[in-house]
Amino acid sequence: MSKVVKVGGVEIGGGNKIAIQSMTNVAVKNIDATAEQFKRLQLAGCDIVRVAVPDMDSAKALVTVKPFTTMPVVADIHYDYSLAIASMEHGADKIRINPGNMSVEHLKSVVDCARMHNVPIRIGVNGGSPHKEFLQKYGDKQAALVESLLHYTSVIEKMGFSDIVLSVKSSDVTETIAVNRIVAKRCDYPLHLGVTEAGPSYQGIIKNSVGIGSLLADGIGDTIRISLTDDPVEEVRAAKTLLNALNLGGGVTFVSCPKCGRCRIDLEKYAKEVYDYVKDIDCRLKIAVMGCEVNGIGECSDADLGMAGGNGKVAFFKKGKVFATVDECNALPLFFDEIDKLTNEKRN
């Protein structure tokens, strides 16, 4: 089990729930736009938010934007060590750096500041940035990525600092899986998982689900980001869905059957509207929308609440037992009422 690292008010590692992360896609200096994204991300279920800090004005803006959210705010730094220091001085709850982009002297200044402000450091190495020395030594990119990450970790440990989170990512899914499995065996720091540069939603969700999902199924990983070329809120929704699919989340697991010739309702419409209704509910529930009685009660006997279509009628069921049959024209609003009742029961 990994050690616990506290990021603001969120504890990651040590068996704590998998923390969902995302990153704003607007300049942090744009206070209004950043605040608006913070709000939307938090409402969607984001636990930790990261912002790009490319210049000093961005670092100084952290103190202004932080009051707009209760999520811990992570400053993403590349190359300029002074931006890492300024970010911590202006309220960053964690910093993300690649130590290979800094001199040892500058890295020590960053570590000293992190210690002073009690700010954890995420050491990040991506597929495009393994240390050249290790690439030459091993002649293998995966080995170079692992050794780069562990070398940087050792350097920071020797500076007397261990409040560390690790991440090693690639745009190649199999490479991401392989290197994280190796790192997980060789250290006990919390791991941040993700497939970097995964692309637009459809492709990106598939690549991240395979990469992150394989590792989580192995018991590897403490915090995740599903990187998408899209609205960052979609990253959070995809992450929640992935965690629920692995029984690691706290939201709704939604199931609906593939349509076949037995179906006598507009299954696509029913599934879409019910999914849209439940996707952001923060209760652990299983909701089913099925096209007929065969898949309905039989295959979804473990659903907390479900509906199955018939000939002008829709059966409502709980845990495999029918408790109501309603006219198809009234089915959706009545089903939403049942969802609300069940959600209130769970919360109380």
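Residues numbered from 1 in each chain as written. Predicted model: local features only at pLDDT ≥ 70, side-chain atom pairs only at ≥ 80, totals over all residues. Heavy atoms only, no water.

**Details of helix 1 (residues 31–44)**
Because each turn of an α-helix spans 3.6 residues, side chains separated by three or four positions in sequence point in the same direction.
Argument step 1. Look at helix 1: 20 Å from first C-alpha to last across 14 residues, which is about the 20 Å you get at 1.5 Å a residue.
Argument step 2. Those residues of helix 1 that are buried are in contact with strand 3 (19–23), strand 4 (48–52), helix 2 (56–65), strand 5 (73–76) and helix 9 (232–245).
Argument step 3. Positive phi appears at Gly-45, one or two residues downstream of helix 1, with a value of about 115°. (Helix = DSSP H or I, 4+ residues; strand = E, 2+ residues; numbered from the N terminus. Expected span 1.5 Å × (residues − 1). Contact = heavy atoms within 4.5 Å.)

**Remarks on the pattern of salt bridges**
Argument step 1. Going through the model one piece at a time under the given rule, you end up with 24 salt bridges.
Argument step 2. In this structure, the salt-bridge partner of Arg-96 is Asp-76, at a minimum N-O distance of 3.9 Å. In this pair, Arg-96 is assigned in strand 6 (residues 94–97) and Asp-76 in strand 5, connecting sequence segments 20 residues apart. With respect to burial, Arg-96 and Asp-76 carry one shared label: buried.
Argument step 3. With a closest N to O distance of 3.5 Å, Asp-280 and Arg-237 form a salt bridge. One end of the pair, Asp-280, is in the loop between helix 10 (267–278) and strand 12 (285–290); the other, Arg-237, is in helix 9, with 43 residues separating them in the sequence. (Salt bridge = Lys/Arg side-chain N within 4 Å of Asp/Glu carboxyl O. Buried < 20%, exposed > 50% of the residue type's maximum accessible area, 1.4 Å probe, protein only.)

**A word on the sheet that holds strand 7 (residues 121–126)**
Note on sheets: strands pair through backbone hydrogen bonds, and any given pair is parallel or antiparallel.
Argument step 1. The parallel open sheet is built from eight strands, whose spatial order is 8-7-6-5-4-3-10-9. Two strands close off the open sheet at either side, each with one partner strand: strand 8 (164–169) and strand 9 (192–193).
Argument step 2. Across three bridges, the pairing between strand 6 and strand 7 is parallel. Of the residues in strand 7, the one forming a bridge with Ile-97 is Ile-123. (Pairing = 2+ DSSP bridges.)

**Quick notes on the sheet that holds strand 14 (residues 313–318)**
Argument step 1. Strand order in the open sheet made by the five strands is 11-12-13-14-15, with mixed pairing throughout. With one partner strand each, in any of the chains shown, strand 11 (252–256) and strand 15 (321–327) form the two edges of the open sheet. The sheet shows a mean angle of 20° between the axes of neighbouring strands, taken without regard to direction.
Argument step 2. Pairing analysis gives five bridges linking strand 11 to strand 12, with the strands arranged parallel. Within strand 12, the residue paired with Phe-254 across the bridge is Ile-287.
Argument step 3. Across the sheet, helix 10 lies against strand 11, strand 12, strand 13 (305–309) and strand 14, angled at about 165° from strand 12, the strand it touches most. (Axes fitted to C-alpha atoms, helices over the stretch in contact; angles between N-to-C directions.)

**Structural notes on the layout of surface pockets**
Left-over empty space is what a probe sized like a water molecule reveals as it rolls over the atoms.
Argument step 1. Here the largest pocket defines a volume of roughly 400 Å³.
Argument step 2. Lining the largest pocket are 17 residues, with Ser-2, Gly-219, Ile-220, Gly-221 and Asp-222 positioned closest to its centre.
Argument step 3. Of the residues contributing to the lining of the largest pocket, the split by class is nine nonpolar, five polar and three charged.
Argument step 4. By volume, the second largest pocket amounts to about 300 Å³.
Argument step 5. Lys-17, Gly-45, Lys-240, Gly-250 and Gly-251 are, among the 18 residues lining the second largest pocket, the residues nearest its centre.
Argument step 6. Of all the elements in the fold, those that place two or more residues in the lining of the second largest pocket are helix 1 and helix 9.
Argument step 7. In the lining of the second largest pocket, the residues fall into seven nonpolar, six polar and five charged. (1 Å grid on protein atoms, 1.4 Å probe; cavity = no way out; pocket = protein on both sides within 12 Å on 5 of 7 lines; lining within 4 Å. Points joined across faces, edges and corners; volume = space filled by probe spheres on them. Nonpolar A, V, L, I, M, F, W, Y, C, P; charged D, E, K, R; others polar.)

**What about the side chain of Gln-21?**
Argument step 1. Following the sequence through the fold, Gln-21 ends up in strand 3.
Argument step 2. A polar atom in the side chain of Gln-21 sits 3.5 Å from the side chain of His-192.
Argument step 3. In contact with Gln-21, other than residues within four places in its own chain, are Cys-46, Ile-48, Lys-94, Arg-122, His-192, Thr-223, Ile-224 and Arg-225. (Polar contact = N/O pair within 3.5 Å; in protein donor to acceptor, adjacent residues only side chain to side chain.)

**Regarding a nonpolar patch on the surface**
Argument step 1. Together, Tyr-202, Ile-206 and Val-210 make up an exposed nonpolar region whose accessible area comes to about 340 Å².
Argument step 2. Structurally, Tyr-202 is set in helix 8 (residues 201–217). (Patch = residues over 30% accessible without salt bridge, like charges linked within 9 Å, V, L, I, M, F, W, Y side chains within 5 Å. Areas by Shrake-Rupley, 256 points an atom, 1.4 Å probe, with all protein chains shown as cover.)

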